[in-house]
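The primary structure of each chain is shown beneath.
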Amino acid sequence: MAVFTEVSEDEARGLAQRLSLGEVLELRGIQGGIENTNYFLTTQQDGRRAEWVLTLFERLTAEQLPFYLHLMKHLAHRGIPVPDPVADQGGDILHTVCGKPAAVVDKLAGRSELAPIAAHCAAVGEMLARMHLAGRDFNRAQPNLRGLAWWNETVPVVLPFLQDAQASLLRSELAFQNHVAASSACAALPRGPVHADLFRDNVMFEDGALTGFFDFYFAGVDTWLFDVAVCLNDWCIDPPTGRHDEARARAFLQAYQRVRPLAAAERRLLPAMLRAGALRFWISRLWDFHLPREAALLQPHDPAHFERVLRERVHEPVAA
Ligand SMILES: Nc1ncnc2c1ncn2[C@@H]1O[C@H](COP(=O)(O)OP(=O)(O)O)[C@@H](O)[C@H]1O
Ligand SMILES: N[C@@H](CCOP(=O)(O)O)C(=O)O
C-alpha cells in the first residue's frame with residue numbers, strides 16, 4: 001500500500017492490548033499496495049516475537065468487510081494458506097483504528113516472486129483450484145465490486161482523459177464484455193468466491209514453495225474463470241510486451257486442472273475472459289492514475305501496461 005492514515009504507537013498499543021497480541025516492539029508503514037493503509041506490527045508474546053499486518057480500510061465499508069475477513073477465516077480453516085484475521089476478546093474480527101475499519105492478520109512468510117518460472121505458476125494454479133473448491137461452502141455472498149457494473153460506471157469517468165484510439169478501444173471492449181456477460185454461456189459458468197486480484201505481488205513464496213495468498217479485499221462472488229484469467233494475464237506473460245507466455249500458461253492451467261478440470265464452457269469463454277481481466281485492470285489503473293488520492297507512500301500502477309495486454313488478447317486470442 002501506501003500510508004493514507006498515520007497510526008500512532010499509542011493507537012497500536014491500544015489495539016495490541018484489545019487483541020491480546022502482547023507488547024508492541026515495532027510498527028512500520030508498508031510501501032507496496034495501492035488500496036489500503038498497511039503496517040507491519042511486531043509484538044512480543046510470552047517471550048516470542050510475532051509478526052502481524054495491520055490494515056486500515058480506506059474505501060471499503062464496515063458493511064462490505066465481513067465478507068472478505070470471514071472468507072479468509074473460512075479458507076484458512078480449510079487448510080488454504082491465507083492470513084487468518086485475529087479476533088478480539090468478544091470474537092470480532094473487524095476492528096476500528098483511527099476511526100477507520102481495520103483488521104489484523106498474521107504475516108505470511110517469504111516474499112513475492114516477481115519473475116516467476118513455470119514451477120511458480122504451477123504452484124499458484126494448483127492452490128487457486130484448491131481455493132475455489134474450498135470456497136464452495138462459504139455461506140456469505142457479495143458481488144465482485146470491481147465487476148461489470150463498476151466498469152460501466154467508471155468508463156465514462158475516465159474517457160475524457162484518453163486519446164481517441166484509446167477511448168475507442170475502451171468503448172468497444174466494454175460493449176463486447178456487456179454482450180458476453182448477457183450470454184447464456186456466461187450465465188452457465190461455475191461461480192463462487194474468487195480472489196479477483198491474484199497478481200504476483202499478492203502471493204508469497206519461501207525457498208521456492210508457495211506460502212500463501214493474501215490481499216483478499218477485491219474478492220467477491222464471480223466466475224472461477226475470472227480468477228484464472230486474472231492470473232494468466234499477470235503470471236504468464238512477458239511483462240514489457242504483455243504477450244502470452246505459452247510454457248508458463250500451460251504449467252498454470254495443467255496444475256489448476258489436475259485439481260479442478262475446466263468445463264467445456266469455461267474453455268470456450270477463456271479468450272473473452274482474458275480480455276475481461278485486462279479490461280478490469282486497465283479501467284482501475286486509469287481511474288487511480290487520473291483521479292489519484294492523497295497518500296504518504298503511494299506508487300500508482302501504469303495503466304498503459306493493461307492497455308497493451310488487452311490489445312494483445314484481442315489480436316492474439318489464447319485458447320485453453
Ligand atoms: N498477510 C501478509 N503477510 C505478509 N505480507 C503482507 C501481508 N499483507 C500485506 N503484506 C505486505 O504488504 C504489501 C501491501 O499489501 P496489499 O494487501 O497488497 O495492499 P493494498 O491492499 O493496499 O493493495 C504487500 O505487497 C506485502 O508486502
Ligand atoms: N493488482 C492491481 C491493483 C491492486 O493493487 P494490490 O497492490 O492490492 O494488488 C493492479 O496491478 O492494477
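In short, a report on the structure. (Residues numbered from 1 in each chain as written. Chains lettered and ligands numbered in written order. Predicted model: local features only at pLDDT ≥ 70, side-chain atom pairs only at ≥ 80, totals over all residues. Heavy atoms only, no water.)

## Thoughts on the sheet that holds strand β2 (residues 37–45)
Piece 1. Ordered by their spatial adjacency, 5 strands build an open sheet running β1-β2-β3-β5-β4, and the pairing between neighbours is antiparallel. If you trace the sheet from one side to the other, it starts and ends with β1 (23–29) and β4 (95–97), each paired once. Averaged over all adjacent pairs, the angle separating strand axes in this sheet is 35°, with direction ignored.
Piece 2. Where strand β3 (residues 48–56) lies against strand β5 (residues 100–106), 5 bridges are found, and the strand directions are antiparallel. (Pairing = 2+ DSSP bridges. Helix = DSSP H or I, 4+ residues; strand = E, 2+ residues; numbered from the N terminus. Axes fitted to C-alpha atoms, helices over the stretch in contact; angles between N-to-C directions.)

## Remarks on the packing of helix α4 (residues 148–158) against helix α5 (residues 164–181)
Piece 1. As a packed pair, α4 and α5 sit with axes 11 Å apart at the nearest point and diverge in direction by 165°. Judged on the interaxial angle alone, α5 and α4 are roughly antiparallel. When you trace α4 past α5, the crossing you get is left-handed. Touching Leu148, Trp151, Asn152, Val155 and Val158 of α4 are Leu170, Leu174, Gln177, Asn178 and Ala181, all from α5. (Parallel < 35°, antiparallel > 145°, perpendicular 65-115°, else oblique. Left-handed = near helix turned anticlockwise from the far one by under 90°. Contact = heavy atoms within 4.5 Å.)

## Quick notes on the site of ligand 1
Piece 1. Within the structure, ligand 1 sits among 20 residues, and Glu35, Asn36, Asn38, Leu108 and Asp215 are positioned closest to it.
Piece 2. Between Asn36 and ligand 1, the recorded distance is 2.9 Å, taken from a backbone N or O atom to an oxygen atom.
Piece 3. Measuring from a nitrogen atom of ligand 1, one finds a backbone N or O atom of Asp106 at 3.3 Å.
Piece 4. Protein chains shield 89% of the accessible area of ligand 1, which is 550 Å² for the free molecule.
Piece 5. Taken together, the elements giving at least two residues each to the shell around ligand 1 come down to β2 and β5.
Piece 6. Across the shell around ligand 1, the residue classes break down as 10 nonpolar, 5 polar and 5 charged.
Piece 7. Here the shell around ligand 1 spans two domains, since at least three of its residues come from each of domain 1 (9–106) and domain 2 (118–315). (Near = heavy atom within 4 Å. Polar contact = N/O pair within 3.5 Å; in protein donor to acceptor, adjacent residues only side chain to side chain. Areas by Shrake-Rupley, 256 points an atom, 1.4 Å probe, with all protein chains shown as cover. Nonpolar A, V, L, I, M, F, W, Y, C, P; charged D, E, K, R; others polar. Domains from an automatic or database assignment.)

## Here we look at the site of ligand 2
Piece 1. Taken together, 11 residues are adjacent to ligand 2, and Asp197, Phe199, Asn202, Asp215 and Arg285 come closest.
Piece 2. At a separation of 2.6 Å, a nitrogen atom of ligand 2 approaches a polar side-chain atom of Asp197.
Piece 3. Residue Arg285 places a side-chain N or O atom 2.7 Å away from an oxygen atom belonging to ligand 2.
Piece 4. Expressed as a share of its isolated accessible area of 330 Å², the protein-covered part of ligand 2 is 95%.
Piece 5. When the residues that make up the shell around ligand 2 are grouped by side-chain class, the tally is 4 nonpolar, 3 polar and 4 charged.

## Description of the state of the cysteines
Piece 1. Enumeration according to the criterion identifies 0 disulfides in this entry.
Piece 2. No disulfide involves Cys236; its sulfur sits 4.0 Å from that of Cys121, the nearest cysteine.
Piece 3. Residue class for Cys236 comes out buried when judged on its relative accessible area of 0%. (Disulfide = S-S within 2.5 Å. Buried < 20%, exposed > 50% of the residue type's maximum accessible area, 1.4 Å probe, protein only.)

## Observations concerning the packing of helix α3 (residues 118–134) against helix α8 (residues 246–259)
Piece 1. Orientation of α3 relative to α8, taken along the N-to-C sense of each, is 30°, at an axis distance of 7 Å. Taken together, the axis directions place α3 and α8 in an arrangement best described as roughly parallel. As for the relative orientation of α3 and α8, their crossing is right-handed in sense. Taken together, the residues of α8 that come into contact with α3 (itself represented by Ala118, Cys121, Ala122, Val124, Gly125, Glu126, Leu128, Ala129, Arg130, His132 and Leu133) are Ala247, Arg248, Ala251, Phe252, Ala255, Tyr256 and Val259.

## Let's talk about the pattern of salt bridges
Should their charged atoms come close, side chains of opposite charge can pair.
Piece 1. Considering all chains together, one arrives at 14 salt bridges under this definition.
Piece 2. A salt bridge links Arg78 to Asp137; the shortest N-O distance between them is 2.8 Å. Taken as a pair, Arg78 in the loop between α2 (65–77) and β4 and Asp137 in the loop between α3 and α4 lie far apart in primary sequence, 59 residues in all.
Piece 3. Classification of Arg78 as partly exposed rests on a relative accessible area of 42%.
Piece 4. You can call Asp137 partly exposed: its relative accessible area is 45%.
Piece 5. Each member of the salt-bridge network shares a partner with another, and the members are Glu9, Asp10 and Arg13. (Salt bridge = Lys/Arg side-chain N within 4 Å of Asp/Glu carboxyl O.)

## Notes on α3
Piece 1. Taking 1.5 Å of rise per residue, 17 residues should cover 24 Å, and α3 covers 24 Å from first to last C-alpha, within 8% of that figure.
Piece 2. Burial in α3 covers these residues: His120, Cys121, Ala122, Val124, Gly125, Met127, Leu128, Ala129, Met131, His132 and Ala134.
Piece 3. On its buried side, α3 packs onto α2, β6 (191–194), β7 (203–206), β8 (209–213), α7 (224–235) and α8. (Expected span 1.5 Å × (residues − 1).)

## Describing the environment of Ala102
Piece 1. Note that Ala102 resides in strand β5.
Piece 2. Distance in space between the C-alpha atoms of Ala102 and Leu54 is 7.1 Å, their sequence separation being 48 residues.
Piece 3. Among residues more than four places away in sequence, those in contact with Ala102 are Leu54, Thr55, Leu56, Phe57, Ile93, Leu94, His95 and Val97.

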